[in-house]
Every structure is written in structure tokens, then in C-alpha cells.
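# Report on the structure
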Amino acid sequence: MLRFAAFIALLMLCLSCRQPEETNDWTVTAPGGAVKVDFFLTEARMPAYRVWFDEMLVLDTSFLGFELLDSPDMKAGFEVKNSSKNTFRDSWRPVYGENAIIENYYDELSVQLGEAAGLKRQMTIVFRVYDDGLGFRYELPEQENLQKVRIAEELTQFHLTGDHTAWWIPADYDSYEYLYTQSRLSEVDATKAGYKERHDRHVGNLKAVNTPLTMKTEQGLYLSIHEANLTNYAGMTLGVDSNSVLRAELVPALDGSKVTTQTPFVTPWRTIQIGKHATDLLKSNLIINLNEPNQLEDVSRIKPMKYNGVWWEIHIGKSSWDYDTGIHGANTANVLRYMDFAANNNIGGTLVEGWNIGWDNWGNKTFSLTDTYPDFDIERIVEYGREKGVELIGHHETFGNVAYYDSIVEDAFKYYYQRGVHYVKTGYAAGLNPGEFHHSQYMVNHYRRVVQLAAKYHICLDAHEPIKPTGIRRTYPNMMTREGVRGMEYNAWGGGNPPSHTTILPFTRGLAGPMDYTPGIFDVKFEKYRKDQYVRSTIAKQLALYVVLYSPLQMVADLPENYKDQPATQFIKDVGVDWEKTVILNGEIGSHVTIARKEKSTGNWFLGAITNEAARKMELHLDFLAKGKQYEATIYADAPDAHWDKNPTAYTISKQMVQKGTVLKVDLAPGGGCAISFRAE
Ligand code: NOJ
Ligand code: CA
């Protein structure tokens, strides 16, 4: 057995370290054959590519190149200097994730281009083709005639073969906090998707979208376009042309350029995930695979966990961030109450917002990140948490004053480090100083600096108002989770999220990486505090979200008192946060989705099924359970008369012995869900 394993390991090594072979054939096919990419030069010697899936054309002739500010454009007049192909078969273990092992199998084509005349500048285009899609990027080597580079626009195109159905949010340069609109691509229009210019919102092109952009073709294929490893570059939005051509539109910098850099450099990977079923998109690891391996030497402190916190109570108006109001939430006694609840319910951390001086005057944007309000005893709290096994999760709200934050962030991390705080939530909830956009190159670099600095102080991050995830958690696993989504907070004050929202998220924003959506609200109507706002969900659906929406830091968002006397709290206590294996049982975008995950440490399985506004009957085939084992299934279901609006808190709990092959029938109420834990006997 050992010998066989050693042989396989050797074989893998050989396969993964093969030398590139020179080739004149610029077609590259995925390991399993379904995805095919063809690179070519047009008559004007413009670089272009096409993509097929199962012999079906998915992207027609799509051009590649750059418009530059201080140098002629690089889009035509090229010749191929050299080209090579390579195969790569490897697997790796993420520090945490949806699966304990990730296969990274692809075939690569690398085409070295040079201008035939003039400046004779060079660029290489590299395609990596996977069974579930592809990524490609530009690599610009060091060269005499191209040193400093200012990119006016990246001319990457995605020439779709039709006016596909798309689930999209506007190309807001500052925010992803939108509901998704389902429409034909030709109908994309930011103003119809709730966009209004604000101090912290800006859309440059109304007919453009933020990525991931997920689509369904007439033939029934599912596509999603995004980017991987966004490093020292501007975020990419997609302009939608009338002829179904999507164009990269990079988020601009203050000086009107898009990217300022110098050779040698590489762009982020442009990614296209492709599947026959919507659920195929959820299985894809292409984006994280296109990132560099872990750079951190010590990952022992990086631990996925559930957390609660002084947070929702502020958003619903029970308490305040501000000390002067007399209802200050972040007071020591209240924090200890949350920690007690955490300690009793298998919750690893307690977040505290409003602990630091400055919340009384948000406008001046110069919050101290090292001075506490007088009623917040940080030493005592950390010590109490240590005794109880609960981490204090710190909070840095910058209010967009990035220049100021840059000047104090190291001291702020040091402050937490010295006090034994290992997790920090950051926030950029406003327009920025200086006036750059949240998704610009300037901010991409800022967010990265913060991740690196946090790592230096053994701190893990949860960023709100972040740059979108592009798989950086592979390289910097301390960048654990982030917002960049219209999360639970919109139910407290923002008009709410309809039941369908969470059935769209896994297939759109969720493809990019973990989401700090903050599930777990049991008092969905919170009428005691606010009458006109509420969570559009049943309690059973809130439980199911722990499995459906992946995040290694998963919030238990409601107030401790709202979990009291609720037997459903047991599911929150039991549910895992770090997974050996993930299985997608069913799903259609905007309709429903069911996911099962096996917890790494226990071998227990957890399942979450959610639906949109429609009631749904499901037959769940438990084929994922281990053969020959018995499991005790605890089923948290919507009560027969449950309804997200009329009767959201009615649920039932039942137990049953099950095994591999058992078929469970479950009924989901309108806006409801079902959560099941499977304890291995
Ligand atoms: C917006 C964040 O999303 C939210 O979680 C936080 O409570 C507020 N900003 C204040 O920092
Ligand atoms: Ca937010």
C-alpha cells in the first residue's frame, strides 16, 4: 500500500514538473477534454482566443491587448516568437476550506508575442485550461522599450455567443452591496438595479457589471466570469456591448489611468468557469488554484470558528457604537455576557464594535484604534475570554480614511497583538480619503498591505467593504473572510433582502470566496426594537445558511437572549466551520440549493437546503454518507404552516437513524429551509 502511494506520489511529481514542450499548435484542451481554447492572430495580427465546451462554442473571437498612456497601444502587429505547452497535475491542502484536498489539474499554453516592427515590445499570454473552465493572464517581461507602464485600458474581451440570462450587480467601483438582478445581458442598466450616486458609490458605466458575472446560455450551459490573484492591479468590471461582447473595464485611479506599474509584471488571471449544471460552478476550485501557494510560515493560529458579537444589537437599535448615547453596547458586562454564551455554545470568538474612541463623531473619521471607551476593559475581557476559550475579535472601522489608517494600522495591530487578540474585523464604510475607489489599484494594494501586516502580528482578518475575493486566501490564509455582499445588516435598516437573495449568492458572489453574510437571526421580526424592518426568512433557513454560505469565520449574529429557550440553537452549537468534503446535492440560481459538508474534526456531516419565495419538496439522497456506518440525523425543518413572512419562527425537530443510500423527504416553506446534522455513531 505504502509502495503504491509512493509510486503515485512520484508519478504526480513527474507529471507536475514536466518541462514545457515547444509547439506550433495553439490549441489547448483540458485534462478531461471538455474545455478547449484556441489562440490565434488575426489578419491585423491582433491576439485573440476562442473557447469551446463539449464542442460548443462558448466564446467567439475575443481580442486581447492593452491601451497604454505613455506608449503606443499593444493590440496589433504581433507575431508569435515562441509557444509552449505543459501539463500540471497536483493536489494541495488548504489551511481551511470547503474541502481538505484540492486538485489542481490543468493544461497550459503559453504564447510569447513580439511586435513585428516598431518598438518590438513583448508580452506573453498564458492559458490554463481546467475541466471546469479556464484562466488566462498577460505576462509582460522586463524589456527596453517598455519599462514604466500606465495602462489606460486592458482590452480583454469575452465574446459571448448570445444574449445570455445573467445574474448581475452594477459595476460599482466602491461596493458589491447590491441585490442581484436577473435579466438578459442586453438589459443591464445600473439605474434599474438600485444604483444611485452617493459618497461611497460610483458607477462609471451604467451598462457594466461587477464580477463574478454568472450567466446561463440558451443551450443550458452555465458560465461565470471573474478574476484570480488580483495583485497590484485595478479590479476588473465588465462593460456589456450590444453585440454580447463583454469588455474588461478596469476601475480607474484618481489620475484617470487604470494601472501604474513597471515591467516585469503579470496581470490577474481572467477566469471563466463553465458547467452543464448550475451546481458545477459550485464545485470549481479554479479561482483559488490560480493563486500562489501559502506564503505564511506559521499558520497554527489560523483557526476557523463561529463567532458572535456586540453587533446586531447595534444595527437594530438596542444599543449603540457611541458611548455618549447612554446605550453603549461595547461595555464590559455586555461583552462578557456574549462570551458566556459563546463558551456554552461552541462559538470560538466574540466580536466587539464600538469599543474605541471616535464613534461619537463619525464625521471626523479619525477614530483611535488604541484607546478604549471608559466602560470597555480590554485586558479583563481578553483574560475572561482566555479562561473560557473565547477569542476577542477586534474591530477597525476606518470610515474610509485610508491615509490615516495606513499611518496607524501597525500600531493598532501591535496593540491587539500585545493583548492577545488574534482576529480583527476591518471596515471601510464610506467614500475614501484620498478619493480613490474601493476597487482601484491603490486600494487593492492597501488591502494587501493590511493582510501582510496583520500576518506579521499573527492576526486573521474579516474585511468589510473589501475588495472582492480572488482566491488570495490560498496565499495569505489569515485573510479569512470578507463582506463584499449585501449581507444580513440590510435586514436591520436597509429595506431587507428578499428570500431569493441567498439562493443567488452561492452561484455569484460566493464563487469568488468566503462571505461574511452573518446568518443566524432567530428573532426575525425584532419588533421590540424596530417595526418596519425584518429578516425575510424562516428560522430553519437561518440554520441552513451555516452550511450553504461558506465562511471560515461564521457569525452567530443574533442576541444571546434570542437563542435562549430555542431548541434550534443546538444546530448552531453543533454545526462545523471547517470541512473535509463538500457535496452539492441540488441547486438552481435564484431558486434553491442544497449542500452537505463533512466536518474535518469529527467526521459528522451537516446539510443545508434553502429555497426562494416558493415552497419546495425535496428528496435528499444521502449517498455522501460513509458506507456501512449509521448516523443519527437531527432534522430542523420548517413547520407545515411556516412562511418567511406570515409564520417565520415555526419549525420542527425530529431524529431518525440513516445511512448511505437513505432518501429523506423534506418540505421547505416559502422562504424556508432545512438543516440536518448527521452524527456518526
Ligand atoms: C458596515 C459593516 O458592514 C458593519 O458590519 C459594521 O457594523 C459597520 N460598517 C460599522 O463598522
Ligand atoms: Ca457593509
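Residues numbered from 1 in each chain as written. Chains lettered and ligands numbered in written order. Predicted model: local features only at pLDDT ≥ 70, side-chain atom pairs only at ≥ 80, totals over all residues. Heavy atoms only, no water.

### Overview of the site of ligand 1
- Taken together, 13 residues form the shell around ligand 1, and within it His 315, Glu 353, Glu 397, Lys 425 and His 464 come nearest.
- Within the side chain of Glu 397, one N or O atom sits 2.5 Å away from an oxygen atom of ligand 1.
- Within the side chain of His 464, an N or O atom sits 2.7 Å from an oxygen atom of ligand 1.
- The protein chains hide 93% of the 300 Å² of surface that ligand 1 would expose on its own.
- Grouping the amino acids of the shell around ligand 1 by side-chain chemistry returns four nonpolar, three polar and six charged. (Near = heavy atom within 4 Å. Polar contact = N/O pair within 3.5 Å; in protein donor to acceptor, adjacent residues only side chain to side chain. Areas by Shrake-Rupley, 256 points an atom, 1.4 Å probe, with all protein chains shown as cover. Nonpolar A, V, L, I, M, F, W, Y, C, P; charged D, E, K, R; others polar.)

### Points about the coordination of the calcium ion (ligand 2)
- Note on the calcium ion (ligand 2): its protein donors are Glu 177 (OE), Glu 465 (OE), Glu 483 (OE), Glu 483 (OE) and Glu 489 (OE). The metal-donor distances range over 2.3 to 2.6 Å.
- Classification of the site at the calcium ion (ligand 2) as irregular follows from its six donor atoms and the range of 52 to 157 degrees in their angles at the metal.
- Sequence positions of the donors to the calcium ion (ligand 2) reduce to the motif E-x287-E-x17-E-x5-E. Linking Glu 465 in the loop between β27 (460–463) and β28 (479–482) with Glu 489 in the loop between β28 and α9 (490–493), this pair joins segments that are 24 residues apart in sequence. (Donors = N, O, S within 2.8 Å, 3.2 Å for Na, K, Ca; no water. Tetrahedral: all angles 85-135°; square planar, octahedral: opposite > 155°, others 65-115°. Helix = DSSP H or I, 4+ residues; strand = E, 2+ residues; numbered from the N terminus.)

### Considering the domain arrangement of the chain
- Taken as a whole, the chain is organised into domain 1 (25–289) and domain 2 (305–568).
- One C-alpha centre belongs to domain 1, the other to domain 2; they are set 32 Å apart.
- The partner domain 2 presents 44 residues to the 51 residues of domain 1 that form the contact.
- Carbon and sulfur atoms supply 59% of the area that domain 1 and domain 2 bury against each other, a total of about 4,000 Å² over both sides. (Domains from an automatic or database assignment. Contact = heavy atoms within 4.5 Å. Buried area = accessible area lost by both parts, 1.4 Å probe.)

### Here's the deal with helix α8 (residues 441–456)
- Taking 1.5 Å per residue, 16 residues should reach 22 Å; α8 reaches 23 Å between its end C-alpha atoms and fits that length.
- Buried within α8 we find Gln 441, Met 443, Val 444, His 446, Tyr 447, Arg 448, Val 450, Val 451, Leu 453, Ala 454 and Ala 455.
- Positive backbone phi, at 55 degrees, marks His 458, one or two positions downstream of α8. (Expected span 1.5 Å × (residues − 1). Buried < 20%, exposed > 50% of the residue type's maximum accessible area, 1.4 Å probe, protein only.)

### Remarks on the sheet that holds strand β32 (residues 605–611)
- A sheet is described by the order of its strands in space; here six strands give the open sequence β30-β31-β32-β37-β34-β35, paired in antiparallel fashion. Each having just a single partner strand, β30 (579–588) and β35 (651–658) make up the two edges of the open sheet. Strand-to-strand twist across the sheet, computed as the mean angle between neighbouring axes with direction ignored, equals 15 degrees.
- Where strand β34 (residues 631–638) and β35 come together, eight bridges link them in antiparallel fashion. From the neighbouring strand, Thr 634 faces β35, where its bridge partner is Lys 655.
- Where helix α12 (residues 539–548) meets the sheet, its contacts fall on β31 (592–599), β32, β34, β35 and β37 (673–680), and the angle it forms with β32 comes to roughly 125 degrees. (Pairing = 2+ DSSP bridges. Axes fitted to C-alpha atoms, helices over the stretch in contact; angles between N-to-C directions.)

### Describing unusual backbone geometry
- The linkage connecting Thr 263 with the following residue, Pro 264, adopts the cis geometry, with an omega of 0 degrees.
- Take Pro 264: it is sitting in the loop between β20 (259–262) and β21 (265–266).
- The omega torsion of the bond from Asn 433 to Pro 434 falls at 0 degrees, within 30 degrees of zero and hence cis.
- Structurally, Pro 434 can be placed in the loop between β26 (423–427) and α8.

### A word on the sheet that holds strand β29 (residues 553–555)
- Strand order in the open sheet made by the seven strands is β28-β27-β26-β25-β24-β23-β29, with parallel pairing throughout. Where the open sheet ends on each side, the last strands, each with one partner, are β28 and β29. Across the sheet, the mean angle from the axis of one strand to that of its neighbour is 30 degrees, orientation sign disregarded.
- Of the strand pairs in this sheet, β27 and β28 are connected by three bridges, and their pairing is parallel. Bridged to Asp 462 within β28 is Thr 481.
- Against the sheet, helix α5 (residues 332–344) engages β23 (305–310), β24 (349–352) and β25 (391–397), with an angle of about 155 degrees to β23.

### Overview of the packing of α5 against helix α6 (residues 378–388)
- α6 packs onto α5 with a crossing angle of 15 degrees between their chain directions and a minimal axis gap of 10 Å. Between α5 and α6, the angle falls in the class roughly parallel. Helix-helix and strand crossings are classified by hand; for α5 and α6 the assignment is right-handed. Residues Thr 332, Val 335, Leu 336, Met 339, Asp 340 and Ala 343 of α5 pack against Arg 380, Ile 381, Tyr 384, Gly 385 and Lys 388 of α6.
- Counted by class, the contact of α5 with α6 contains six nonpolar, two polar and three charged residues. (Parallel < 35°, antiparallel > 145°, perpendicular 65-115°, else oblique. Left-handed = near helix turned anticlockwise from the far one by under 90°.)

### A closer look at the confidence of the model for the chain
- Summary statistics for the chain give a mean pLDDT of 96 and a share of 97% for residues scoring 70 or more.
- Here residues 1–15 is a poorly scored stretch, pLDDT under 50, and it has seven contacts once near neighbours within four places are set aside; other chains count. (pLDDT = per-residue confidence, 0-100.)

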